[in-house]
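Residue-level listing of the chains:
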Amino acid sequence: MRQQPWRSIACTGASLADLPTEVAEYRQWLLIEKGRAPATVEAYESDLARFFAWWGAKPIRKISEADLTSFLAQERRDGLSSASLARRTASLRGFLSFLATEGILVHDPSSTLGGGRRARHLPKPIPEAVVSHLLDSIDGDDAVSLRDRAILEFLYGTGARVSEATGLSLGDIDFDEELILVTGKGSKQRLVPLGRSLRHALRAYLGVGGRQSLVQPQKFSDRLFLNARGGPLTRQGIDLIIGKRALEAGIESQGLSAHSFRHSCATHMLAHGADIRVVQELLGHASIATTQVYTAVSVDSLRSDYLNAHPRARG
């Protein structure tokens, strides 16, 4: 088994040949069997590369829980953040569990490994009035303005992830049925409603002077959202649009991102009485436990409003 120092792995872009062959098998299983996104798999590989640089050339079968605990303790002493430490722990658990399931290991040394849960931070939704002001401030009829309004209406109107927005194709929009086909994590697809404001924004963008003005024949793309050069818009491009439009609207843009609109969509729907399972389906959460974080946000909002409004709530 060939091993390289961690600095070599991190800085020279070493291939899978620098890691145990079992990592390559795990990678294929994640991509093909589990349908994990390539970026997610690369993050897991990075964590495993770090561990095996520490572990050296010793056999995998000799890894014990004590070894894992020592490695993670060293990472913590080296200043690794709690979020990164949680992911590194999860990466090791997933890999070693896979090896045990496949019979490569007699037992999983990470099965009783403590820790690794990332501290949950409540999302910070954008106030409804601020969202409305931002959307209404994009009132130009040029192609870029029509596109930007449609993008932000889509993010807020559906609660979609930014990767789902960049992956939309023209054929995913069904105006007759008022539905959008969204492809999420692991290539899982779901249908989301096409609300009134979003429908109007998309029709304007797809009409005369909109998307067609951005298309360049030599760069044909069926993606819904295009950049100024006619290519597919990227997630970085969308965040730049959000920052630019927020600045123009006089809104503090620090911390504002595409994900903020996803948080806001869920929180505002629950605040207006939506069933949590409806919100779960809309967001594409596999587990309702993921959606439940937004109920805590709604309760915080309720508490704040109550304390401010009820004459006997304070003092």
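These figures come from a predicted structure and were not determined experimentally.

What counts and how
- Residues numbered from 1 in each chain as written.
- Predicted model: local features only at pLDDT ≥ 70, side-chain atom pairs only at ≥ 80, totals over all residues.
- Heavy atoms only, no water.
- Helix = DSSP H or I, 4+ residues; strand = E, 2+ residues; numbered from the N terminus.
- Contact = heavy atoms within 4.5 Å.
- Areas by Shrake-Rupley, 256 points an atom, 1.4 Å probe, with all protein chains shown as cover.
- Pairing = 2+ DSSP bridges.
- Buried < 20%, exposed > 50% of the residue type's maximum accessible area, 1.4 Å probe, protein only.
- Core = buried A, V, L, I, M, F, W, Y, C linked by side-chain atoms within 4.5 Å.
- Salt bridge = Lys/Arg side-chain N within 4 Å of Asp/Glu carboxyl O.
- Polar contact = N/O pair within 3.5 Å; in protein donor to acceptor, adjacent residues only side chain to side chain.
- Phe/Tyr/Trp six-rings, centres within 6.5 Å; stacked < 30°, edge-to-face > 60°.
- Axes fitted to C-alpha atoms, helices over the stretch in contact; angles between N-to-C directions.
- Parallel < 35°, antiparallel > 145°, perpendicular 65-115°, else oblique.
- Left-handed = near helix turned anticlockwise from the far one by under 90°.
- Expected span 1.5 Å × (residues − 1).

## Side note on the overall build of the protein chain
When helices and strands are tallied, the protein chain shows 15 helices and 3 strands. Pairs at least 24 residues apart make up 55% of the contacts formed inside the protein chain by residues separated by at least 6 positions. Carbon together with sulfur atoms contributes 51% to the accessible area of the protein chain, which is approximately 17,400 Å² in total.

## As for the sheet that holds strand S2 (residues 179-183)
Spatially, 3 strands are ordered S1-S2-S3 in an open sheet, and the strand pairing comes out antiparallel. Taken across any chain shown, the strands that pair with only one partner, and hence form the sheet edges, are strand S1 (173-174) and strand S3 (189-193). Sheet topology note: the S2/S3 ladder contains 5 bridges and is antiparallel. When the sheet's bridge partners are listed, Leu181 is paired in S3 with Leu191.

## Re the pairing of S2
Both faces of the sheet carry side chains from a regular strand, because those side chains alternate between them. Side chains of S2 alternate between two faces, with Ile180 and Val182 buried and Leu179, Leu181 and Thr183 left unburied. In terms of strand pairing, S1 meets S2 through 2 bridges, oriented antiparallel. Across the sheet, residue Ile173 finds its bridge partner in S2, namely Ile180. Counted along the chain from S1 to the antiparallel partner S2, the turn is 4 residues long, and its residue Glu178 has a positive phi close to 55°. Hairpin connection, S2 to S3: the antiparallel pair is bridged by 5 residues, and Gly186 has positive phi, about 65°.

## Brief notes about the nonpolar core
Across soluble globular proteins, nonpolar side chains have a tendency to be buried as a group. Counting residues in each nonpolar core, the largest one holds 42 residues, and the members touching the most others are Leu152, Phe154, Leu155, Ile180, Leu202, Phe225 and Ile238. Of all the secondary-structure elements, those providing two or more residues to this core are helix H6 (128-137), helix H7 (143-158), helix H8 (162-166), S2, helix H9 (196-206), helix H11 (235-248) and helix H12 (258-271). The element best represented in this core is H7, accounting for 7 residues. Look past the residues within four positions of Ile238 in its chain and what remains in contact with it is Ile151, Leu155, Val162, Ala165, Thr166, Leu233 and Ala258. By size, the runner-up hydrophobic cluster in this structure holds 23 residues, among which are Phe52, Ile63, Leu68 and Phe98.

## A look at the environment of Leu85
Looking at where Leu85 falls in the secondary structure, it is placed in helix H5 (residues 82-101). Judged by relative accessible area, which is 11%, Leu85 ranks as buried. In the structure, Leu85 is positioned 38 residues away from Asp47 in sequence and 9.4 Å away in space, judged by C-alpha atoms. Look past the residues within four positions of Leu85 in its chain and what remains in contact with it is Leu72, Glu75, Arg76 and Leu80.

## Comments concerning the pattern of salt bridges
Applying the stated rule across the entire model yields 15 salt bridges. A salt bridge links Arg50 to Glu75; the nearest nitrogen and oxygen atoms lie 3.1 Å apart. Remark: Glu75 occurs in helix H4 (residues 65-77) and Arg50 occurs in helix H3 (residues 38-55); sequence separation between them is 25 residues. Overall, Glu75 belongs to the buried group, its relative accessible area being 4%. With its nearest N and O atoms 3.0 Å apart, the salt bridge here joins Glu153 to Arg149.

## What to know about the environment of Ser221
By the element assignment, Ser221 lies in the loop between helix H10 (211-214) and H11. For the pair formed by Ser221 and Ser169, sequence separation is 52 residues and the distance between their alpha carbons is 8.7 Å. Discounting residues that sit within four places of it in the chain, Ser221 has contacts with Arg211, Leu226, Gly230 and Pro232. Only 3.2 Å separates the side chain of Ser221 from the backbone nitrogen of Arg223, close enough to count as a polar contact.

## Description of the packing of aromatic side chains
Using the criterion set out here, one finds 13 aromatic pairs in the structure. Relative to Phe52, the ring of Phe51 has its centre 5.2 Å away and its plane inclined at 75°; by these criteria the two rings are edge-to-face. Accessibility classification places Phe51 together with Phe52 in one group, the buried group. Here Phe51 and Phe71 contribute two aromatic rings whose centre-to-centre distance is 5.1 Å and whose plane-to-plane angle is 85°, an arrangement assigned as edge-to-face. With Phe51 in helix H3 and Phe71 in helix H4, this pair connects stretches of sequence that are 20 residues apart. Taking relative accessible area as the criterion, Phe51 reaches 1% and is therefore assigned buried. Residue Phe71 is classed as buried on the basis of its relative accessible area, which comes to 1%.

## Brief notes about the packing of H6 against H7
The contact between H6 and H7 brings their axes to 10 Å, and the two run at 155°. Viewed along their axes, H6 and H7 adopt a mutual orientation that is roughly antiparallel. Taken as a pair, H6 and H7 cross one another with a handedness that is left-handed. Across from Glu128, Val131, Leu134, Leu135 and Asp136 in H6, the residues of H7 making contact are Arg149, Leu152, Glu153 and Tyr156.

## Thoughts on H3
Relative to the 26 Å expected for 18 residues at 1.5 Å per residue, H3 spans 25 Å between its end C-alpha atoms, a close match to the ideal helical length. Regarding H3, the residues found buried are Val41, Ala43, Glu45, Asp47, Leu48, Ala49, Phe51, Phe52 and Trp55. The first or second residue beyond H3 is Gly56, which carries a positive phi of 85°.

These figures capture arrangement, not role.
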